[in-house]
Amino acid sequence: MTDVEHEKKLKFFFVAIILVVVLLTIFGIMINVISNRHIAQKLAEDHDTLKGAYAEYREINSMADNVNMAASMPWSVDVQSQIDGTVAHMLVKHGDIVKAGDILCYVENKNLEISVAGAEADISEAKINLRNLELNVNRNTQLLAQEAVSQAEYDTSVAQRDAMQDHIASLETKKAGLQEQQNKLVVRAPQDGVVIRIYTKEGTYLSPGRAILLLGKTDNLQVRFGLSLEQAQRLLHHGAKELTMEIPDELLSYRIYPVDKNYAKEQAHNVFSIKNLRLTPDLDSGASSYTLYGEVENGGQYLEPTTYNKVKLYSSATHKVLSVPREAVKKAEDNQGDCVYLLDDNNRVIIRKVVCGIKNENYVEILDGLQKGDRVLLTTRSFIQEGVQVKLSMED
């Protein structure tokens, strides 16, 4: 045997060994797959019937949950002291609803009170002097007619009377100015609103311009929501003009406002209607995050001008769309989108990717991947694999 022939035999031998190893590996994999499927099938047959539902057209409204929201007042104003003094009596408390002109508090300024009292005393004294001067003018008028006094004496008495009248007018002007300052000691509401915060207390010294309390309007609030692209599309791609907002009860438990009992009979205390919607940027901008602005009626004073989380937003209008229960939609194994487990005509499992649209608490719109009448699994088990035959109990 030549060296060439020997080398050929060795190559053939090694190739044969490699082929045997490959075939054994493939055979082992096939046996393993068949075995796993057989085990899964046996488990499925021995397991309780799984729950399922049909893909069908349903009337649903879209929903986004765990949304962050900030509410703010359309206006607020610091009510300031217009004069120095000390807070004598605070007549309002946090949450009080006031009308324009209502008295909020009294400020005390003893020096001003003394000045007003002094001005009044000066006027009283000047008026007594004026009466005496007028009597003197009257007497001199008679005496002048009798040539008992000179013209110069008469003119002097008239001038003294007139000067006193001017003096009294000056004192009256001074008193009016002091009283105007004194009126500022009574602090009144500049407009209708709610007492949001009180910065001072009785006994606090106030300088001109110091804030006493914060007054605001809370029966209509401006709201702002942070939305992801998915949430914005879900809520607004059907052109919603109005949304409904639901806030968890526990987030409304601490209050500074009183609740309007009449309003409470008309509306759930944690559900609010959002109107005058405005989204920025536009939905077709390609942005990954959006801000939704709106206005909410807050006549019952349930909602406060602060931030809230875990907020749910619903579209007010419903749409008839192909949908499945929410629990039927799973994350795809590659984390690229969503999928459902559905059954073929032989009750065998098929895993299929789907494209989802709007969703609410119960159902998800299916834009692509299913047809009306498809049966989907609502519950899955670890042994459920594609191709496994299962028993299914359909949801009504």
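Residues numbered from 1 in each chain as written. Predicted model: local features only at pLDDT ≥ 70, side-chain atom pairs only at ≥ 80, totals over all residues. Heavy atoms only, no water.

J.: Would you explain unusual backbone geometry in this entry?
T.: Here the bond from Thr280 into Pro281 is cis, since omega is -10 degrees, no more than 30 degrees from zero. Locating Pro281 in the fold gives a position in the loop between β14 (271-280) and β15 (289-297). Although it is not a glycine, Glu147 sits at a positive phi angle of roughly 60 degrees. When you line up the elements, Glu147 lands in the loop between α2 (110-145) and α3 (151-183). The class of Glu147 is exposed, set by a relative accessible area of 73%. Phi is positive for Lys310, close to 60 degrees, though the residue is something other than glycine. Examined against the element boundaries, Lys310 turns out to sit in strand β16 (residues 307-315). (Helix = DSSP H or I, 4+ residues; strand = E, 2+ residues; numbered from the N terminus. Buried < 20%, exposed > 50% of the residue type's maximum accessible area, 1.4 Å probe, protein only.)

J.: What am I meant to see in the pairing of strand β3 (residues 63-72) here?
T.: Sheet analysis places β3 next to β16, joined by five bridges and oriented antiparallel. If you follow Ala64 over to β16, its bridge partner there is Leu313. As paired strands, β3 and strand β12 (residues 220-228) are joined by five bridges and run antiparallel to one another. Looking across to β12, one finds that Met69 is bridged to Phe225. (Pairing = 2+ DSSP bridges.)

J.: Which parts of the structure should I look at to understand the packing of aromatic side chains?
T.: For any two aromatic rings, the description comes down to two numbers: the centre-to-centre distance and the angle of the planes. Applying the stated rule across the entire model yields zero aromatic pairs. Just above the ring of Tyr293 sits the side chain of Arg278; from NZ or CZ to the centre is 4.4 Å. (Phe/Tyr/Trp six-rings, centres within 6.5 Å; stacked < 30°, edge-to-face > 60°. Lys NZ or Arg CZ within 6 Å of the ring centre and 35° of its normal.)

J.: Teacher, can you tell me more about the layout of surface pockets here?
T.: The gaps left among the atoms become clear once a water-sized probe is rolled over them. Size it by volume and the largest pocket reaches roughly 240 Å³. What lines the largest pocket is a set of 14 residues, and nearest its centre among them are Glu230, Gln233, Arg234, Cys356 and Gly357. Where the lining of the largest pocket is concerned, the elements lending two or more residues are α4 (229-236) and β20 (349-359). For the lining of the largest pocket, the leading source of residues is β20, giving six residues. (1 Å grid on protein atoms, 1.4 Å probe; cavity = no way out; pocket = protein on both sides within 12 Å on 5 of 7 lines; lining within 4 Å. Points joined across faces, edges and corners; volume = space filled by probe spheres on them.)

J.: I tried to follow the pairing of strand β5 (residues 85-90) on my own but got confused; where do I start?
T.: Where a strand is regular, its side chains alternate between the two sheet faces. Here β5 runs beside strand β10 (residues 205-206); their pairing, made up of two bridges, is antiparallel. Across the sheet, Thr86 pairs through a bridge with Tyr205, a residue of β10. Two elements, β5 and strand β7 (residues 103-108), share four bridges in a ladder whose sense is antiparallel. What sits directly across from Val87, in β7, is Val107.

Spatial relationships are all this shows, so hold off on functional conclusions.
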